[in-house]
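What follows is each chain in one-letter form.
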Protein chains: 2
Amino acid sequence: MLSKNKIKYIRSLDLKKNRQKYNSFLVEGEKIIAELLQDGNFEVELLCATPTWIETHQSAVALLKEKLIEVKENELKKISKLKTPNHVLAIAKIPDVKALKSSTETELNLYLDGIQDPGNMGTILRIADWFGIPNVFVSEESADLYNPKVVQASMGAFLRVNYQKIGFEKLLQQLPNIVSFGAVLDGANLFEMTLPKHGLLVIGNEGKGIRASVLEQITHKISIPAAKNGSGAESLNAAVATGIIVSLFKQNS
Amino acid sequence: MLSKNKIKYIRSLDLKKNRQKYNSFLVEGEKIIAELLQDGNFEVELLCATPTWIETHQSAVALLKEKLIEVKENELKKISKLKTPNHVLAIAKIPDVKALKSSTETELNLYLDGIQDPGNMGTILRIADWFGIPNVFVSEESADLYNPKVVQASMGAFLRVNYQKIGFEKLLQQLPNIVSFGAVLDGANLFEMTLPKHGLLVIGNEGKGIRASVLEQITHKISIPAAKNGSGAESLNAAVATGIIVSLFKQNS
């Protein structure tokens, strides 16, 4: 059974400031939680589960011990962010920032300069996971990686992708030789370029694009060409654009 | 001022059955509405706008006549589907199904077999708009094209893209010579294929993929290759996958 204080605590993690204060975040979805429990990098603080889940996950239950709270389905509804809550919900500790993967200068990496929509952020982590991108860097202004909607949209990618919040200037100091590619609306036609196997792809904010201060430090400005017969579309969704550009890089590597 | 009946009517358009009953749908966003008012294919039934919008859109006001209802911002909140309502909201008539564009057998077209998420559906329309895809066909089970979230996520693409709800079998009867490509998880590696300029790309449901009955009628099964070092990702978001595959087709055409 969930105490009022626990409900209040779990709900408070909706807000970034509380996630930072407690160093904890919410994870939902049976499949994602199964992966979370197997993953060695994340510490589970609390797991709320219905008798149905508990009955079928006895080995996990044995390991969780007093971290497990048995809840009824209507209790789960009070703390879930999903329209249709699953039988389980976890609170995990935010891990320490991981070291850069050594392949930083031999593979394609991502820098997200102000991605705001949590759905886009999660979807981009999923792209990074699929294509094996070693590092995803995000600017201070980007959506919080531990926002429940980011975690959800990432479909478990947050468990596997190496990500780090860092200013662009500071990142360039750490990677002085990196060649950067900024996705803009008036850049070089990506379909006509020969892309390298490595570099840093920079994706900007959904509405405003890449900040001018970042753009001026970028080596190449690139664009996904629109239809020649001139459609009226002004842009692509940021996650879709990321997927397209990453796949064009990966195609020849 | 909005009558209670009007509020009730506008809110009722949230449901597909009511959109079908009244043959009307909701449009929001100042930019999308500006495009809607310029577009000849859509009939505006009703436009609710604040004095701020009315003041700066006098030529539109003159044309709208009695279709315009002046509303206060708090009235707009009652009917808006947006967290932060704009100054304007329109009800438009669902247009008749357009004829197939003649380029059906010379360009790439899309068939969506059960896309459920309205955000994905809208984002895919935006992709079709960007790349100038002549026709987007959707199965009966797909999200409704006039769902407010689809309209919103399409960013105005619904005004320009030619789409049609049609069964796969029936479509093939109309296009007997078309070569079809189904996005699956165990298909031919897209990075190693030479893709034609035309055909029909089939994208399946977010969770279940393409239905077996459709899959068996598809000419080629194709996949976006995942990282060679084996990430744990099981799939890409459906709209992202669509964007990637369409761009690989367009790259050489």
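For clarity, every value in this text was computed on a predicted model and none was experimentally measured.

Analysis parameters
- Chains are numbered independently. Their residues run from 1 in the order of the written sequence.
- Numbering of ligands from 1 and lettering of chains from A proceed in the order in which they are written.
- Where totals are concerned, whole chains, interfaces and linings use all residues; where local detail is concerned, this predicted model gives features only for residues with pLDDT of at least 70, and gives and counts side-chain atom pairs only at 80 or more.
- Each side-chain value is derived from all of the structure's non-hydrogen atoms; neither hydrogens nor water enter the calculation.
- Strand pairing is assigned whenever DSSP detects at least two bridges linking the two strands.
- Numbering of helices and strands runs from the N terminus; a helix is a DSSP stretch of H or I covering at least four residues, while a strand is a stretch of E covering at least two.
- What counts as a domain boundary in this text is fixed by an automatic or database domain assignment.
- Contact definition: two residues touch when any of their heavy atoms are within 4.5 Å.
- Summed over both partners, the accessible area lost on bringing two parts together, with a 1.4 Å probe, is the buried area.
- A side-chain nitrogen of Lys or Arg and a carboxyl oxygen of Asp or Glu constitute a salt bridge if their distance falls within 4 Å.
- We call two N or O atoms a polar contact when they sit within 3.5 Å, provided that within protein one can donate a hydrogen and the other can accept it, with sequence-adjacent residues counted only if both atoms are side-chain atoms.
- Gly falls in the polar group here, along with every residue not listed as nonpolar (Ala, Val, Leu, Ile, Met, Phe, Trp, Tyr, Cys, Pro) or charged (Asp, Glu, Lys, Arg).
- Here the axes come from fitting lines to C-alpha atoms, over the contacting stretch only for helices, and the angles between their N-to-C directions go from 0 to 180 degrees.

**Q** Help me understand the pairing of strand β8 (residues 180-189) of chain B in this model?
**A** All names here are of chain B. Direction of pairing for β8 relative to strand β9 (residues 199-204): parallel, over a ladder of 3 bridges. Across the sheet, the residue bridging to Ser180 is Leu200, located in β9. As defined by bridge partners, β8 adjoins strand β10 (residues 220-223) across 5 bridges and the pair is classed as parallel. Note that in β10 the partner of Ala183 across the bridge is Ile222.

**Q** I would appreciate a short explanation of unusual backbone geometry in the present structure.
**A** Peptide bonds are, in most cases, trans, and in most cases residues other than glycine have a negative phi. One non-glycine residue, Lys65(A), lies in positive phi territory at about 50°. Along the polypeptide, Lys65(A) turns up in the loop between α5 (58-64) and β3 (68-70).

**Q** Sorry if this is basic, but what is going on with the domain arrangement of chain A here?
**A** Many analyses report the size of an interface as the accessible area lost when the parts associate. Residue and element names in this part refer to chain A. Partitioning chain A into domains gives domain 1 (4-93) and domain 2 (102-251). On a C-alpha basis, the centres of domain 1 and domain 2 stand 31 Å from each other. Facing 14 residues of domain 1, the contacting portion of domain 2 comprises 13 residues. Where domain 1 abuts domain 2, roughly 1,200 Å² becomes buried across the two surfaces, and 63% of that area is made up of carbon and sulfur atoms. Among the residues of domain 1 in contact with domain 2, Arg19, Phe25 and Ile32 are the three that bury the most area, contributing 37% of the side total. The shortest N-O distance in the salt bridge between Arg160 and Glu35 comes to 2.5 Å. Connecting domain 1 to domain 2 are 3 residue pairs in polar contact (both at pLDDT 80 or more). If you list the elements that add at least two residues to the side of domain 1 that touches domain 2, you get α2 (16-22), β1 (24-28) and α3 (30-38). When residues of the side of domain 1 that touches domain 2 are assigned to their parent elements, the largest contribution, 4 residues, is made by β1. Tallied by class, residues from the side of domain 1 that touches domain 2 come to 7 nonpolar, no polar and 7 charged.

**Q** Teacher, can you tell me more about the sheet that holds strand β4 (residues 88-93) of chain A here?
**A** Sheets are built from strands that pair by backbone hydrogen bonding, the pairs being arranged parallel or antiparallel. All names here are of chain A. Taken in spatial order, the 4 strands of this open sheet run β1-β4-β2-β3, and their pairing is mixed. With one partner strand each, in any of the chains shown, β1 and β3 form the two edges of the open sheet. Looking at each pair of strands side by side, their axes are set apart by 20° on average, direction ignored. The sheet contact formed by strand β2 (residues 44-49) and β4 spans 5 bridges and is antiparallel.

**Q** What's the story with the interface of chain B and chain A in this structure? I'm lost.
**A** Contacts between the two partners involve 34 residues from chain B, matched on the other side by 34 residues from chain A. For the pair chain B and chain A, the summed buried area comes to about 3,000 Å², and 60% of that belongs to carbon and sulfur atoms. Our enumeration of links across chain B and chain A arrives at 2 salt bridges. Remark: the boundary between chain B and chain A carries 13 residue pairs in polar contact (both at pLDDT 80 or more). Of all the secondary structure elements, the ones that give two or more residues to the side of chain B that touches chain A are α7 (118-131) and α11 (238-251) of chain B. Per element, the largest residue contribution to the side of chain B that touches chain A is 8 residues, and it comes from α11(B). Here the residues of the side of chain B that touches chain A are counted per class, giving 15 nonpolar, 10 polar and 9 charged.

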